[in-house]
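Notes for the structure review
What follows is the residue order along each chain.
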Amino acid sequence: MQASPVPAAGGRRGEGAAHAKAILFGEHAVVYGAPAIAIPVDSLTAQATIERGGPAGLRIVSSLYTGPVDGAPARLTPVVTAIRASLERAGLGELARGEAGADGALVTIASSIPHERGLGSSAAVAAAIARAAFDLAGAELDGETLFDLVQTAERVAHGKPSGIDARTVAATGAIRFTRGAVAPIRIGAPLILAFADTGHPGSTAQAVGSVQALREREPASTDALLSRLAEIAEHSIEDLAAGDRAAVGAAMSEAHAILHRVGVSSDHLDAIVAAACAAGASGAKLTGGGLGGCVIAVASSTAHAEQIGAAMRDAGAERTWTVEVPAA
Ligand SMILES: C[C@@](O)(CCO)CC(=O)[O-]
């Protein structure tokens, strides 16, 4: 019989979970301090368990890699960072360091959030790990410590994260985010969104880097575009509070056109946005870093969102689904 690459731990366990996020307005501009509006997406979640026991050292079980932490591939570095930092902050540094004679730990990660699609997968996985570590330690995890831990992992994943993903994966409703601070915003009437996944990953680090390079080459025109994204985000707060679907949709389409101009859209994203609008969406845009990833479109009802979803699939989307942001 072959030995398992990850011996069972068999000790005390800690568990944690976090949901996905979607940015309605302000991605990329938010990196430069502009406000952005984001929502939790509860239907997609990341889960982590950390089980104490077994030989010293950390072992990981995930869809991307299973084995000792030291052999984890480079793309798991943000996850490994989240595990080590969270165990240290939870007072379980001896597990994180794998000291001789100390217990080991088995970290299991499962996520339904598609990776690199602008839905906050890396932040949600880091938040789930932080919650599991504190649960294992029997310690209280406050919101600022959670934010710091997720940002520590996000800096490894993206270089210069604004913090919007870290805040939104822990939020319970729609938020306005700027420079690390969050405030809840009012949703005057249920907002029904058709989501489409292009099926293509988009690297946030690459997208943020390309906007930065554009800003260095063409500072005045790029800053004007980023300022307009900021104005749209700020103004959308009134439209969302008023439940003005037409205005929210129009603002999304304008934001998408600007995101196209700053170079973070793609032919595929543009085709899916156009198909959603042709199917009667009030407006549509890419969400998150772009270059690949997802589109969101404003629908008038759940049935309408399904029709828009079908049109987006005809335009090449790999998968579509509907999210209702409740009035709050
Ligand atoms: C593209 C970006 O604005 C949103 C990524 O979800 C990057 C960031 O805010 O860190």
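All of these numbers come straight from a predicted model, not from anything done at the bench.

1. Quick notes on the overall build of the protein chain
- Across its full length, the protein chain carries ten helices and eleven strands.
- Against the 2.2 N^0.38 benchmark of 20 Å for 328 residues, the protein chain shows a C-alpha radius of gyration of 20 Å, consistent with a compact globule.
- Along the three orthogonal principal directions, the C-alpha set of the protein chain runs to about 60 × 40 × 35 Å.
- Sequence-distant contacts in the protein chain: of pairs separated by 6 or more residues, those separated by 24 or more amount to 75%.
- Accessible surface for the protein chain amounts to roughly 13100 Å². Of this, 52% is attributable to carbon and sulfur atoms.
- Averaging the locations of the 25 positively and 33 negatively charged side chains of the protein chain gives two centres separated by 2 Å.

2. Some remarks on the packing of helix H6 (residues 204-217) against helix H7 (residues 219-242)
- One way to put it is that H6 packs onto H7 with a least axis distance of 6 Å and a crossing angle of 130°. Of the possible angle classes, the one that applies to H6 and H7 is oblique. For the pair H6 and H7, contact is made by Val211, Leu214, Arg215, Glu216 and Arg217 and by Pro219, Thr222, Asp223 and Leu226, respectively.

3. Describing the domain arrangement of the protein chain
- When the domains of the protein chain are assigned, the result is domain 1 (13-182) and domain 2 (186-325).
- On a C-alpha basis, the centres of domain 1 and domain 2 stand 25 Å from each other.
- Facing 27 residues of domain 1, the contacting portion of domain 2 comprises 44 residues.
- Interface of domain 1 and domain 2: buried area, both sides summed, is about 2700 Å²; carbon and sulfur atoms make up 69% of it.
- The three residues of domain 1 that bury the most area against domain 2 are Phe25, His28 and Arg117, which together make up 28% of that side's buried surface.
- Inspection of the region where domain 1 meets domain 2 yields three salt bridges.
- Notably, a salt bridge pairs glutamate 234 with arginine 176, separated by 2.8 Å at the nearest N-O pair.

4. Here's the deal with the site of the ligand
- Looking at the ligand, there are 13 residues lining it, with Lys21, His28, Val30, Ser162 and Asp165 nearest.
- Within the contact set of the ligand, an oxygen atom lies 2.6 Å away from a side-chain nitrogen or oxygen of serine 162.
- At a separation of 2.9 Å, an oxygen atom of the ligand approaches a polar side-chain atom of aspartate 165.
- Elements that contribute at least two residues to the shell around the ligand include exactly strand S1 (10-25), helix H5 (164-168) and H6.
- Counted by class, the shell around the ligand contains six nonpolar, four polar and three charged residues.
- Viewed by domain, the shell around the ligand spans two of them, domain 1 (13-182) and domain 2 (186-325), each represented by three or more residues.

5. Side note on the sheet that holds strand S8 (residues 191-197)
- Ordered by their spatial adjacency, four strands build an open sheet running S9-S10-S8-S11, and the pairing between neighbours is antiparallel. Taken across any chain shown, the strands that pair with only one partner, and hence form the sheet edges, are strand S9 (284-287) and strand S11 (319-325). Shown here is a sheet whose adjacent strand axes are inclined to one another by a mean of 30°, direction ignored.
- Sheet strands touched by helix H9 (residues 267-278): S8, S9 and strand S10 (294-299). Its angle to S9, the strand with the most contacts, is close to 145°.

6. Thoughts on the nonpolar core
- Ranked by size, the top nonpolar core spans 101 residues in total, and within it Leu24, Phe25, Leu87, Leu193, Phe195 and Met312 carry the most contacts.
- Looking at this core, the element that brings in the most residues is helix H3 (residues 121-137), giving twelve residues.
- When residues are assigned to domains, this core turns out to be shared by domain 1 (13-182) and domain 2 (186-325), each giving three or more.
- Those residues within four positions of methionine 312 in sequence are excluded, and the remaining contacts are Ala194, Phe195, Ala196, Ile272, Ala275, Ala276, Val295, Ala317 and Thr320.
- By size, the runner-up hydrophobic cluster in this structure holds ten residues, among which are Ala171, Ile175, Phe177 and Val208.

7. A few points about unusual backbone geometry
- Of note in the backbone geometry, glutamate 116 takes a positive phi value of approximately 55° without being a glycine.
- Locating glutamate 116 in the fold gives a position in the loop between strand S5 (104-111) and H3.
- One non-glycine residue, leucine 291, lies in the positive phi region at around 70°.
- Inspection of the secondary structure assignment puts leucine 291 in the loop between S9 and S10.
- Using a relative accessible area of 27% as the deciding quantity, one classes leucine 291 as partly exposed.

8. Overview of the packing of helix H1 (residues 77-89) against H3
- Orientation of H1 relative to H3, taken along the N-to-C sense of each, is 30°, at an axis distance of 9 Å. On the basis of the axis angle, H1 is roughly parallel to H3. Crossing of H1 over H3 shows right-handed handedness. Contacts between H1 and H3 involve Val79, Ala82, Ile83, Ser86, Leu87 and Arg89 on the former and, on the latter, Val125, Ala126, Ile129, Ala130, Ala133 and Phe134.
- When the residues that make up the contact of H1 with H3 are grouped by side-chain class, the tally is ten nonpolar, one polar and one charged.

Procedures and definitions
- Residues numbered from 1 in each chain as written.
- Predicted model: local features only at pLDDT ≥ 70, side-chain atom pairs only at ≥ 80, totals over all residues.
- Heavy atoms only, no water.
- Helix = DSSP H or I, 4+ residues; strand = E, 2+ residues; numbered from the N terminus.
- Rg over C-alpha atoms; globule rule 2.2 N^0.38 Å.
- Contact = heavy atoms within 4.5 Å.
- Areas by Shrake-Rupley, 256 points an atom, 1.4 Å probe, with all protein chains shown as cover.
- Lys, Arg positive; Asp, Glu negative; His and termini not counted.
- Charge placed at Lys NZ, Arg CZ, Asp CG, Glu CD.
- Axes fitted to C-alpha atoms, helices over the stretch in contact; angles between N-to-C directions.
- Parallel < 35°, antiparallel > 145°, perpendicular 65-115°, else oblique.
- Domains from an automatic or database assignment.
- Buried area = accessible area lost by both parts, 1.4 Å probe.
- Salt bridge = Lys/Arg side-chain N within 4 Å of Asp/Glu carboxyl O.
- Near = heavy atom within 4 Å.
- Polar contact = N/O pair within 3.5 Å; in protein donor to acceptor, adjacent residues only side chain to side chain.
- Nonpolar A, V, L, I, M, F, W, Y, C, P; charged D, E, K, R; others polar.
- Pairing = 2+ DSSP bridges.
- Core = buried A, V, L, I, M, F, W, Y, C linked by side-chain atoms within 4.5 Å.
- Buried < 20%, exposed > 50% of the residue type's maximum accessible area, 1.4 Å probe, protein only.
- Left-handed = near helix turned anticlockwise from the far one by under 90°.

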